[in-house]
Amino acid sequence: MTELPRYEYVKLADAIAADIASGKLPLGAALPGERAMTDLYSVSIGTVRRAVVELRKRGLVATLPAKGTYVIELPEPGRDTPADGDPNA
């Protein structure tokens, strides 16, 4: 069975989650702003926004209006997203 391609926003969310897990983005750290992330990761602003929503669903970050998005939890070992990147799973 071949693995389905993953959505770009899931790849970005995984990259940010890896930065959180490695300590590059420690607990309480602010994520870069949306526009900064578009340049940093070479993706569209829509991709950045969906990735942040995904990270919130995973419980890793929280967004405070007009303040930014902050790391609120470190990922648990073995906690992962669906292998196919299905946004409805």
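Every chain is numbered on its own, with residues counted from 1 as its sequence reads. In keeping with the predicted nature of the model, local features appear solely for residues at pLDDT of at least 70, side-chain atom pairs appear and are counted solely at 80 or more, and the whole-chain, interface and lining totals rest on all residues. Only hydrogens and water are set aside when side-chain values are computed; all heavy atoms of the structure are taken into account.

A. Seen up close, the pattern of salt bridges. Only one rule defines a salt bridge in this text: a Lys or Arg side-chain nitrogen within 4 Å of an Asp or Glu carboxyl oxygen. This structure, assessed with the given rule, holds five salt bridges. Among the ionic pairs, E8 bridges to K11, the shortest N-O distance being 3.2 Å. Of the two residues, E8 and K11 both sit in helix α1 (residues 8-22), three residues apart, roughly one turn of that helix. Using a 1.4 Å probe on the protein chains alone, a residue whose accessible area is under 20% of its type maximum counts as buried, one over 50% counts as exposed, and one in between counts as partly exposed. On the basis of relative accessibility, which here comes to 45%, the residue E8 falls in the partly exposed class. Residues R58 and E54 are paired through a salt bridge, measuring 3.1 Å at the closest nitrogen-oxygen approach. Helix and strand definitions here come from DSSP, where helices need a minimum of 4 consecutive H or I residues and strands a minimum of 2 consecutive E residues; each element is numbered from the N-terminal end.

B. Expanded view of the nonpolar core. The term nonpolar core refers to a set of buried residues drawn from Ala, Val, Leu, Ile, Met, Phe, Trp, Tyr and Cys, joined through side-chain atoms within 4.5 Å. In this structure, I16, I20, L25, L31 and L55 are the most contacted members of the largest nonpolar core, which totals 19 residues. For this core, the elements supplying multiple residues, two or more each, are α1 and α3 (45-57). For this core, the element with the most residues is α1, which contributes seven residues. In this analysis, two residues are considered to be in contact whenever any of their non-hydrogen atoms come within 4.5 Å of each other. Among all residues touching I16, those that are not within four sequence positions of it are L25, L31, M37, Y41 and L55.

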